[in-house]
Amino acid sequence: QQQVKQSPQSLIVQKGGISIINCAYENTAFDYFPWYQQFPGKGPALLIAIRPDVSEKKEGRFTISFNKSAKQFSLHIMDSQPGDSATYFCAAIPYSGAGSYQLTFGKGTKLSVIP
Amino acid sequence: EPEVTQTPSHQVTQMGQEVILRCVPISNHLYFYWYRQILGQKVEFLVSFYNNEISEKSEIFDDQFSVERPDGSNFTLKIRSTKLEDSAMYFCASSEGPAANTGELFFGEGSRLTVL
């Protein structure tokens, strides 16, 4: 129940295309859903995050879509660029009252944007 | 820009040896974490630390592991007797407030541990 399932495992997109990464969860205590971006040799870095009280959040070319009833959320990268090539992790964390501090990560999606 | 720094970047050790991984969190952060990532797999939570004590730990964080904040700046992870399966990238992270409030953890670049 603590799992976050992420797909696809890898993704190749042409420059200028749309990259879409999907995640699903079971634990209804999850209350905050960040996406992390990881470049080779670096630690994960927060990209964008959403709470379940909104269905969409957009920051520049990055958009999170959230479907609370389906317990699914996705990351859309518009106008994908070669510099977006990285591994993307979705994650989830319970609300603060649940007494848990841990981020649960998905298995990651390796995105390659080709010129 | 403030960052989390980790040392060493890579450590090779023999099975059964003790290892200490060091981290300097961002200075005004109060919550500290260790995560690990086995090659090609997802990032897994090990432990969180607040107010000089462990606030939460995962099943991975057994008696072989310990954490310490020996002074005002360092945060260490000790593995008492390393096993082959401890080979992984270990990430230290810190946050200003509880992760549940913001979800924003700042990660270091990691310490790669190779156990032979």
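Residues numbered from 1 in each chain as written. Chains lettered and ligands numbered in written order. Predicted model: local features only at pLDDT ≥ 70, side-chain atom pairs only at ≥ 80, totals over all residues. Heavy atoms only, no water.

> I tried to follow the overall build of chain B on my own but got confused; where do I start?
Within chain B one finds 1 helix and 11 strands. Walking chain B from its N terminus toward its C terminus, one meets helices and strands in the order β-β-β-β-β-β-β-β-β-α-β-β. Principal axes of the C-alpha set define a box for chain B whose edges measure 40 × 25 × 25 Å. A burial count over chain B gives 46% of its 116 residues as buried. Within chain B, contacts between residues at least 6 apart in sequence are counted, and of these 54% link residues at least 24 apart. Entry remark: accessible area of chain B is about 5700 Å², with carbon and sulfur atoms responsible for 45%. The positive charge centre, built from 9 side chains, and the negative charge centre, built from 16, are 6 Å apart in chain B. (Helix = DSSP H or I, 4+ residues; strand = E, 2+ residues; numbered from the N terminus. Buried < 20%, exposed > 50% of the residue type's maximum accessible area, 1.4 Å probe, protein only. Contact = heavy atoms within 4.5 Å. Areas by Shrake-Rupley, 256 points an atom, 1.4 Å probe, with all protein chains shown as cover. Lys, Arg positive; Asp, Glu negative; His and termini not counted. Charge placed at Lys NZ, Arg CZ, Asp CG, Glu CD.)

> I keep staring at the state of the cysteines and nothing clicks. Help me out?
Here is the idea: a disulfide is a covalent bond, and it sits between the sulfur atoms of two cysteines. All names here are of chain B. Under the criterion given, the structure shown has 2 disulfides over all chains. Cysteine 23 shares a disulfide with cysteine 92; S-S distance 1.9 Å. The S-S bond linking cysteine 23 to cysteine 92 shows a torsion near -65°; that makes this disulfide left-handed. Here cysteine 92 lies in strand β9 (residues 88-95) and cysteine 23 lies in strand β3 (residues 19-24), a separation of 69 residues in the sequence. Classification of cysteine 23 as buried rests on a relative accessible area of 1%. The buried category is assigned to cysteine 92, whose relative accessible area is 0%. (Disulfide = S-S within 2.5 Å.)

> What should I look at first to understand the pairing of strand β4 (residues 31-37) of chain B in this one?
The side chains of a regular strand alternate between the sheet's two faces. Residues and elements named next belong to chain B. Most of β4 is tucked away, with 7 of its 7 residues classed as buried. Residues Tyr31, Tyr33, Tyr35 and Gln37 of β4 are buried on one face, and the alternating residues Phe32, Trp34 and Arg36, pointing to the opposite face, are buried as well. Relative to strand β5 (residues 43-50), β4 runs antiparallel, the two sharing 7 bridges. Considered in β5, the bridge of tryptophan 34 is made with valine 47. (Pairing = 2+ DSSP bridges.)

> Looking at this model, I keep getting lost on the sheet that holds strand β7 (residues 65-68) of chain B. Mind explaining?
Whether parallel or antiparallel, the strands of a sheet pair through hydrogen bonds between backbone atoms. Residue and element names in this part refer to chain B. Here 4 strands make up an open sheet; going across it, the order is β1-β3-β8-β7 and the pairing antiparallel. This sheet does not close on itself; its edge strands, each paired only once, are β1 (5-7) and β7. Each strand axis lies, on average, 20° off the axis of its neighbour in the sheet, ignoring direction. Where β7 lies against strand β8 (residues 75-79), 4 bridges are found, and the strand directions are antiparallel. Looking at β8, one finds that phenylalanine 65 is bridged to isoleucine 79. (Axes fitted to C-alpha atoms, helices over the stretch in contact; angles between N-to-C directions.)

> Honestly, the pattern of salt bridges in this entry has me stumped. Any pointers?
When the charged atoms of two side chains lie near each other, side chains of opposite charge can form a pair. Enumeration over the complete set of coordinates arrives at 5 salt bridges over all chains. Close ionic contact of A:Arg51 with A:Asp31 constitutes a salt bridge, the shortest N to O distance being 3.2 Å. Placement of A:Arg51 in the loop between β5 (45-50) and β6 (56-59) and of A:Asp31 in strand β4 (residues 30-38) is noted, with a sequence separation of 20 residues between them. Across the salt bridge formed by B:Arg36 and B:Glu44, the nearest N and O atoms sit 3.4 Å from each other. (Salt bridge = Lys/Arg side-chain N within 4 Å of Asp/Glu carboxyl O.)

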